[in-house]
Amino acid sequence: MADIKLLNPDTLGKPLGPYSHIARVKASEFLFIAGQVGAGKDGASFEEQCDLTFAALGAALKSQGADFGNVVEFTTYMVHSQDIPKFMAWRLREFPRIFPDGKYPPNTLLVIDRLVGEQYLIEVQTVAAL
C-alpha cells in the first residue's frame, strides 16, 4: 500500500480550490492514466462531461485494484477559460464524495486550444500510487 501525504505548507498559501499543493509519496508501483474525456453522450454539457470523465478515471483505477484514494496528481485540460468557474463548482460539489477524507491531490489546470475531438471540453490525466 502506498504512503501518500497530501500537504499544504503555509509558505505556499491556501489552495485556490479543492486540491493540495504537494503529494509526498512512498509507493512500489505507479499508475499513469492517459487523459480521459467525457465520451459516451453526444451533446453532453460541461458538467456532464466532468461526470463522465471522472467515471472513466474511476473505472481505470478500479481495473487496477485502486480507487481515488490512490491518486497523487491530476492534470486537467480545458478548452474554454469561461468553464473554470463551472469546474470549480463541480469539484466543490463532487470531490467531498470522491475524496471523503477531504484530502485532495494536486491538480494542474491548463486551458488549451482543443482536445482530441472538438466536442470535448475537458480531459483529465491522472497519476496514482499503489
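For the structure, see preceding data.
Note that the coordinates shown come from a computational prediction; the quantities given were computed from them, not determined experimentally.

Basis of the calculations
- Residues numbered from 1 in each chain as written.
- Predicted model: local features only at pLDDT ≥ 70, side-chain atom pairs only at ≥ 80, totals over all residues.
- Heavy atoms only, no water.
- Helix = DSSP H or I, 4+ residues; strand = E, 2+ residues; numbered from the N terminus.
- Rg over C-alpha atoms; globule rule 2.2 N^0.38 Å.
- Buried < 20%, exposed > 50% of the residue type's maximum accessible area, 1.4 Å probe, protein only.
- Contact = heavy atoms within 4.5 Å.
- Areas by Shrake-Rupley, 256 points an atom, 1.4 Å probe, with all protein chains shown as cover.
- Lys, Arg positive; Asp, Glu negative; His and termini not counted.
- Charge placed at Lys NZ, Arg CZ, Asp CG, Glu CD.
- Pairing = 2+ DSSP bridges.
- Axes fitted to C-alpha atoms, helices over the stretch in contact; angles between N-to-C directions.
- Core = buried A, V, L, I, M, F, W, Y, C linked by side-chain atoms within 4.5 Å.
- Expected span 1.5 Å × (residues − 1).
- Bend = angle between axes of the 7 residues up to and from the residue.
- Arc of directions from axis to C-beta.

S.K.: Tell me about the overall build of the chain, residues and numbers included.
M.R.: Scanning the chain from N- to C-terminus turns up two helices and six strands. The globule rule puts the C-alpha radius of gyration for 130 residues at 14 Å, and the 14 Å found for the chain is close to it. Based on the C-alpha atoms only, the size of the chain along its principal axes is roughly 40 × 35 × 25 Å. The 130 residues of the chain split such that 41% are buried. Of the contacts made within the chain by residues no fewer than 6 positions apart, 73% connect residues no fewer than 24 positions apart. Accessible surface for the chain amounts to roughly 7400 Å². Of this, 53% is attributable to carbon and sulfur atoms. Here the chain contributes 12 positive and 15 negative side-chain charges, whose respective centroids are spaced 7 Å apart.

S.K.: Run through the side chain of Thr 75, naming residues and quoting values.
M.R.: Checked against the element boundaries, Thr 75 lands in strand β4 (residues 71-78). With sequence-adjacent residues up to four places away left out, Thr 75 is seen in contact with Asn 107, Thr 108, Leu 110, Glu 123, Val 124 and Gln 125.

S.K.: Help me get a handle on the sheet that holds β4, residues and values and all.
M.R.: With mixed pairing, the four strands of this open sheet are ordered in space as β3-β6-β4-β5. Each having just a single partner strand, β3 (30-37) and β5 (107-111) make up the two edges of the open sheet. This sheet shows a mean twist of 10° between the axes of neighbouring strands, independent of strand direction. Taken together, the seven bridges between β4 and strand β6 (residues 122-129) define a ladder with antiparallel strand orientation. Across the sheet, the residue bridging to Glu 73 is Val 127, located in β6.

S.K.: Please set out the environment of Leu 61 residue by residue, giving values where relevant.
M.R.: Inspection of the secondary structure puts Leu 61 in helix α1 (residues 46-63). When the C-alpha atoms of Leu 61 and Val 127 are compared, they prove to be 9.8 Å apart, with 66 residues separating the residues in sequence. Sequence-distant contacts of Leu 61, defined by excluding residues within four places in its chain, comprise Leu 31, Ile 33, Ala 66, Asp 67, Phe 68, Val 71 and Ala 128.

S.K.: If you had to explain the nonpolar core to someone new, which residues and values would you point to?
M.R.: Core analysis: the largest hydrophobic core is formed by 28 residues, its most contacted members being Phe 54, Leu 61, Phe 68, Phe 74 and Phe 95. Of all the secondary structure elements, the ones that give two or more residues to this core are β3, α1, β4, α2 (84-98) and β6. With five residues, the single largest contributor to this core is α1.

S.K.: With reference to specific residues and values, describe α2.
M.R.: Compared with an ideal rise of 1.5 Å per residue, which puts 15 residues at 21 Å, α2 spans 19 Å between its outermost C-alpha atoms and is within 8% of the ideal. Leu 92 marks the point of greatest bend in α2, at about 35°, and the proline Pro 96 comes within the next four residues. Along α2, the residues classified as buried are Phe 87, Trp 90, Arg 91, Glu 94, Phe 95 and Ile 98. Each element contacted by the buried residues of α2 is listed here: α1, β4, β5 and β6.

S.K.: Break down α1 for me, citing the residues and quoting the values.
M.R.: In a regular helix each residue adds 1.5 Å, so 18 residues correspond to 26 Å; α1 covers 26 Å between its end C-alpha atoms and thus fits that length. Buried within α1 we find Phe 46, Gln 49, Cys 50, Thr 53, Phe 54, Leu 57 and Leu 61. The buried residues of α1 occupy an angular sector of 125° when the element is viewed end-on, so they sit on one face. Opposite the buried face of α1, by more than 90 degrees, sit the exposed residues Lys 62 and Ser 63.

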